[in-house]
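Remarks on the overall topology
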Amino acid sequence: VQLVESGGGLVQPGGSLKLSCAASGFTVSYYEMSWYRQAPGKERELVARITSAGVITNYADSVKGRFTISRDNGKNTVYLQMNNLKPEDTALYYCRAVRIPRFDYWGQGTQVTVSS
């Protein structure tokens, strides 16, 4: 099982990035997939989640209306489209796959830096 994030980088405030989480060893459509982020000195927080049924359960209040989580079952990949980025979105972004009771995997993270 492996999750590989990509798409991070340096972007100016107001810009956009699209993160990808490519999965191998399992089929993402059968699992709850999530994006988390962790900024320096802060706890890791949930950004967005999509269930195995494809119903988006929630977004962090701070990203509602700006971020969109989606899944491409054919590519076995989950995405996070981030628009109107703000400096406070700067963090290491992680992908997570969960299926109760014991399947719980994390990717290695991709850095997003929002700065002028």
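Residues numbered from 1 in each chain as written. Predicted model: local features only at pLDDT ≥ 70, side-chain atom pairs only at ≥ 80, totals over all residues. Heavy atoms only, no water.

Looking at the secondary structure, you find N76 in the loop between β7 (67-72) and β8 (77-82). By relative accessible area, N76 is classed as buried at 15%. Looking at N76, its side chain comes within polar contact range of the main-chain oxygen of F26, at 2.8 Å. Every residue in contact with N76, bar those within four places of it in the chain, is listed here: C21, A22, A23, S24, F26, T27 and V28. (Helix = DSSP H or I, 4+ residues; strand = E, 2+ residues; numbered from the N terminus. Buried < 20%, exposed > 50% of the residue type's maximum accessible area, 1.4 Å probe, protein only. Polar contact = N/O pair within 3.5 Å; in protein donor to acceptor, adjacent residues only side chain to side chain. Contact = heavy atoms within 4.5 Å.)

This brings us to the environment of A22. Relative to the assigned elements, A22 resides in strand β3 (residues 17-24). In this structure, the C-alpha to C-alpha distance between A22 and G107, residues 85 residues apart in sequence, is 9.3 Å.

Okay, the state of the cysteines next. Considering all chains together, one arrives at 1 disulfide under this definition. C21 shares a disulfide with C95; S-S distance 2.1 Å. Classification of the bridge connecting C21 and C95 rests on its S-S torsion, roughly -80°, and on that basis the disulfide is left-handed. With C21 in strand β3 and C95 in strand β9 (residues 91-99), this pair connects stretches of sequence that are 74 residues apart. The exposure class of C21 is buried, given its relative accessible area of 0%. (Disulfide = S-S within 2.5 Å.)

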